Amino acid sequence: MDRTDDTGTAYGTTTGNEPGGAVLAAIRRHAVAILPDLRPADIVPERTLAELGLNSVDRSEIVTNVMDDLNVFVPITEFRQAMPVGDLVALFERYR
């Protein structure tokens, strides 16, 4: 079952308590803010942000916003083209 935040935006059942949950929730939140037609439930570990329709500028904005949310810095050299969301979550977790 999806939840909604106080703006009415729906999010998947990620509670933030499971490993990577807070990171995945942040990625979902920022991706949906940029591409409102995107459903949070579509943002799964196996897919890339590019596959979901986010261009390189969108992806950079999501990464920057997630780093701000988590108060972490991940060197740009760590990011790869076509990185699955699950790998992105693991990368952020490594620097938390």
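Since the model is a prediction, treat every value here as computed from it, not as a measurement.

(A) Up close: the side chain of His30. Tracing the backbone through its elements, the reader meets His30 in helix α1 (residues 21–34). Leaving out residues up to four positions away in the same chain, His30 has contacts with Ile62, Asn65, Val66 and Asp69.

(B) Seen up close, helix α3 (residues 85–95). Buried within α3 are the following residues: Val85, Leu88, Val89, Leu91 and Phe92. The buried side chains of α3 occupy one side of the element, clustering within an arc of 160 degrees when seen end-on. Of the surrounding elements, those touching the buried residues of α3 are α1 and α2 (56–70).

(C) Inspection of the confidence of the model for the protein at higher detail. Predicted confidence across the protein gives a mean pLDDT of 85, with 80% of residues reaching 70 or more. Residue range residues 1–16 is modelled with pLDDT below 50. Its contacts to residues more than four positions away, or to other chains, number 26 contacts.

(D) Structural context of α1. With 14 residues, α1 ought to run about 20 Å at 1.5 Å a step, and its terminal C-alpha atoms sit 20 Å apart, in line with that. The buried fraction of α1 is high, at 10 of 14 residues. Among the residues of α1, Gly21, Val23, Leu24, Ala25, Ala26, Ile27, Arg28, His30, Ala31 and Val32 are the ones counted as buried.

(E) Here's a closer look at the environment of Arg59. On the secondary structure map, Arg59 appears in helix α2. Separated by 29 residues in the primary sequence, Arg59 and His30 place their C-alpha atoms 9.5 Å from one another. Dropping the residues within four chain positions of it, Arg59 is found in contact with Leu49, Ala50, Leu54 and Gln81. At 2.6 Å, the side chain of Arg59 and the backbone oxygen of Leu54 are in polar contact.

(F) Main features of the nonpolar core. In terms of nonpolar packing, the biggest core is built from 25 residues, with Ile27, Ile43, Leu49, Phe79, Leu88 and Phe92 touching the most fellow members. Here this core takes six residues from α1, the largest share from any one element. When residues no more than four places from it in sequence are discounted, the contact partners of Leu49 are Ile27, Leu54, Arg59, Ile62, Met83, Val85 and Leu88.

About the criteria used
Residues numbered from 1 in each chain as written. Predicted model: local features only at pLDDT ≥ 70, side-chain atom pairs only at ≥ 80, totals over all residues. Heavy atoms only, no water. Helix = DSSP H or I, 4+ residues; strand = E, 2+ residues; numbered from the N terminus. Contact = heavy atoms within 4.5 Å. Buried < 20%, exposed > 50% of the residue type's maximum accessible area, 1.4 Å probe, protein only. Arc of directions from axis to C-beta. pLDDT = per-residue confidence, 0-100. Expected span 1.5 Å × (residues − 1). Polar contact = N/O pair within 3.5 Å; in protein donor to acceptor, adjacent residues only side chain to side chain. Core = buried A, V, L, I, M, F, W, Y, C linked by side-chain atoms within 4.5 Å.

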